[in-house]
Amino acid sequence: MKTEIVVNAEIELLTAIKKADVSVLEKVLHDDLLFNLPNGNTITKEFDLNSYRSGKMKIDLLEASDQIINIIDDTAVVAVTVSLKGAFDNNPISGTFRYIRVWKQFDESLKVIAGSCIALQ
């Protein structure tokens, strides 16, 4: 696995999040995904997709920086800082968050199999 493939997968994911593009999210998130939110809740792929489908999750601004990528065999671990503005269920979201995402190679595609997010500010 090459770093540029992971960088491109991250760009595709973040663009899909910004645009609430459920079809892309369905493709890049693994069916058995587990993701820890800053409040300690763990969500699944289906919960995440439903948040976008229902319009509960709205992203107005998303900017990534300070990306670190470690590739281990067919897996990539990405740490990235994201400035985020938006709303979930009409509750404002605004701040800087540090994400860690685990990507795994499946046949011809990379999929996110796990992740976590903490608030920095």
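Residues numbered from 1 in each chain as written. Predicted model: local features only at pLDDT ≥ 70, side-chain atom pairs only at ≥ 80, totals over all residues. Heavy atoms only, no water.

End to end, helix α1 (residues 3–19) covers 24 Å across 17 residues, agreeing with the expected 24 Å (1.5 Å per residue, within 8%). Taken together, the buried positions of α1 are occupied by Val 6, Ala 9, Glu 10, Leu 13, Leu 14, Ala 16 and Ile 17. The arc that holds every buried residue of α1, seen down its axis, measures 160°, which confines them to one face. For α1, the exposed residues lying more than 90 degrees away from the buried face are Glu 4, Asn 8 and Lys 19. Looking one or two places after α1, you find Ala 20, whose phi comes out positive at around 55°. (Helix = DSSP H or I, 4+ residues; strand = E, 2+ residues; numbered from the N terminus. Expected span 1.5 Å × (residues − 1). Buried < 20%, exposed > 50% of the residue type's maximum accessible area, 1.4 Å probe, protein only. Arc of directions from axis to C-beta.)

Let us now look at the pattern of salt bridges. A complete count under the given rule lists six salt bridges for this structure. The salt bridge involving Glu 10 is made with Arg 101; its shortest N-O contact spans 2.7 Å. With Glu 10 in helix α1 and Arg 101 in strand β5 (residues 91–106), the pair connects residues that are 91 residues apart, well separated along the chain. Exposure remark for Arg 101: the relative accessible area of 4% places this residue in the buried category. Look at the salt bridges and you will find they share partners, linking Glu 26, Glu 46 and Arg 53 into a network. (Salt bridge = Lys/Arg side-chain N within 4 Å of Asp/Glu carboxyl O.)

Here the focus is the pairing of strand β6 (residues 109–119). In regular strands, side chains alternate between the two faces of the sheet. Strand direction decides the pairing type here: strand β1 (residues 29–36) and β6, joined by four bridges, are parallel. Across the sheet, the residue bridging to Leu 34 is Ala 114, located in β6. Relative to β6, β5 is paired through ten bridges, and the arrangement is antiparallel. Bridge pairing links Arg 101 to Gly 115 in β6. Taken together, β5 and the strand that follows it, β6, pair antiparallel across an intervening segment of two residues, in which Asp 107 is found at a positive phi of about 45°. (Pairing = 2+ DSSP bridges.)

For the rest of this paragraph, the subject is the sheet that holds β5. Where strands meet in a sheet, backbone hydrogen bonds hold them as pairs that are either parallel or antiparallel. Strand order in the open sheet formed by six strands is β2-β1-β6-β5-β4-β3, and the pairing between neighbours is mixed. One side of each edge strand has no neighbouring strand; the edge strands of this open sheet are β2 (42–44) and β3 (57–72). In this sheet, neighbouring strand axes are inclined to one another by 20° on average, regardless of whether the strands run parallel or antiparallel. (Axes fitted to C-alpha atoms, helices over the stretch in contact; angles between N-to-C directions.)

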